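Architecture and fold: a report
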Amino acid sequence: MSLKAIFFDIDDTLFSTTEFADRARRGAVDAMRRVGLRLPADHVLRELNEVIAEFSSNYEQHFDKLLLRLPRRSFDGVNPAVLVAAGVHAYHDAKVRQLRPYPDVSPVLSRLARTDLVRGIITAGLAVKQADKLLRLGLYDFFTPTAIFISDQIGISKPNSKLYQRACDEVGVQPRETMYVGDHPTHDIDPANELGMITVHVRRRKHAPEQGKTKPAHELKNFKELLTVLRKDFNVRA
């Protein structure tokens, strides 16, 4: 079977979005407490996680909403803007210090970059936010610049298979000659299977036990195993 392109998900596929978010949120709460918020960290963190669940991770005023939910007496004498700024600063500082790809990702992508395959991204999220992840992770240079597709820019999001079809159309390949690598059974694997793409489920921690409506062509534990699949099944020497 001929393989012409390989697309990847970003979140919890190239790096642990879940683990990073947990650390960054706790760091933000600790920073707010250092400048005067007088509540136990676990209590504040639970409220922050509820805000994010209710207003989505892409909402831009999580910490403002958080303060509305907390007793005013817990930060009497402190300007609320200082508390919000402390949380925002700590969260963004964590992006600089802690945002790293899974250890097996960069070596494999580096080898794929030496092949003739189109190497792309199909991801759901806000355009600048998702692009920022690729840059901060140090992975952008491994991808074909014209093969990065972010739902926010297209008006179609996961799990709509039209998102995957648009990516194939834009780079000029058929789904059957395209591989998609993701971690989410229903958001990544099912819609790609619907089009006849060659699906690879990398079972990272968050969605490892979950099952979709369809089975992936390949199930892997890490990216190193991807090189074996490419060599044995598609004669791609990376």
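About the cut-offs
- Residues numbered from 1 in each chain as written.
- Predicted model: local features only at pLDDT ≥ 70, side-chain atom pairs only at ≥ 80, totals over all residues.
- Heavy atoms only, no water.
- Core = buried A, V, L, I, M, F, W, Y, C linked by side-chain atoms within 4.5 Å.
- Buried < 20%, exposed > 50% of the residue type's maximum accessible area, 1.4 Å probe, protein only.
- Helix = DSSP H or I, 4+ residues; strand = E, 2+ residues; numbered from the N terminus.
- Contact = heavy atoms within 4.5 Å.
- Pairing = 2+ DSSP bridges.
- Axes fitted to C-alpha atoms, helices over the stretch in contact; angles between N-to-C directions.
- Salt bridge = Lys/Arg side-chain N within 4 Å of Asp/Glu carboxyl O.
- Parallel < 35°, antiparallel > 145°, perpendicular 65-115°, else oblique.
- Left-handed = near helix turned anticlockwise from the far one by under 90°.
- Nonpolar A, V, L, I, M, F, W, Y, C, P; charged D, E, K, R; others polar.
- Phe/Tyr/Trp six-rings, centres within 6.5 Å; stacked < 30°, edge-to-face > 60°.

**Considerations on the nonpolar core**
Within the largest apolar cluster, 37 residues are counted, with the highest numbers of intra-cluster contacts made by Phe8, Leu14, Leu109, Phe143, Met179, Val181 and Leu226. Per-element accounting of this core gives the leading share, 5 residues, to helix 10 (residues 224–234). Not counting residues up to four positions away in its chain, the partners in contact with phenylalanine 8 are Leu14, Leu109, Leu112, Gly120, Ile121, Ile122, Phe143, Tyr180, Val181, Phe223 and Leu226. Formed by 21 residues, the second largest nonpolar core is a distinct cluster that contains Leu66, Leu70, Leu83 and Ala90.

**Re the sheet that holds strand 3 (residues 148–150)**
Strand order in the open sheet formed by 6 strands is 3-2-1-4-5-6, with parallel pairing between adjacent strands. Here the strands that pair on one side only, and so sit at the sheet edges, are strand 3 and strand 6 (218–220). Geometrically, the sheet is characterised by an average inter-axis angle of 20° between neighbouring strands, direction not taken into account. Two strands pair when backbone bridges link them, and strand 1 (residues 5–8) and strand 4 (residues 178–182) are joined in this way by 4 bridges, in the parallel orientation. Bridge assignment links phenylalanine 7 to a residue of strand 4, and that residue is tyrosine 180.

**With respect to the pattern of salt bridges**
As a working rule, side chains carrying opposite charge can pair if their charged atoms are close by. For the structure shown, the criterion picks out 12 salt bridges. The closest approach of N and O atoms between aspartate 42 and arginine 26, which form a salt bridge, is 3.1 Å. Placement of aspartate 42 in helix 2 (residues 41–55) and of arginine 26 in helix 1 (residues 17–34) is noted, with a sequence separation of 16 residues between them. Classification of arginine 26 as partly exposed rests on a relative accessible area of 35%. The partner of aspartate 76 in a salt bridge is arginine 72, with the nearest N and O atoms 3.5 Å apart. Exposure remark for aspartate 76: the relative accessible area of 43% places this residue in the partly exposed category. For arginine 72, a relative accessible area of 44% puts it in the partly exposed group. Sharing partners across several salt bridges, the network here consists of Glu47, Glu50, Glu54 and Arg69.

**Quick notes on the packing of helix 1 against helix 2**
The geometry of helix 1 relative to helix 2 is characterised by a closest axis approach of 10 Å and an angle of 125° between their N-to-C directions. When the axes of helix 1 and helix 2 are compared, the pair comes out oblique. Along this stretch, helix 1 crosses helix 2, giving a crossing that reads as right-handed. Between helix 1 and helix 2, the residues in contact are Arg25, Arg26, Val29, Asp30 and Arg33 and Ala41, Asp42, Val44, Leu45, Leu48, Asn49 and Ile52, respectively. Residue composition of the contact of helix 1 with helix 2, by class: 6 nonpolar, 1 polar and 5 charged.

**Focus on the packing of aromatic side chains**
By the definition in use, this model includes 6 aromatic pairs. Ring centres of phenylalanine 20 and tyrosine 91 lie 5.9 Å apart, and the angle between their planes is 70°; this geometry places the pair in the edge-to-face category. Of the two residues, phenylalanine 20 sits in helix 1 while tyrosine 91 sits in helix 4 (residues 80–98), which places them 71 residues apart along the sequence. Judged by its relative accessible area of 22%, tyrosine 91 is partly exposed.

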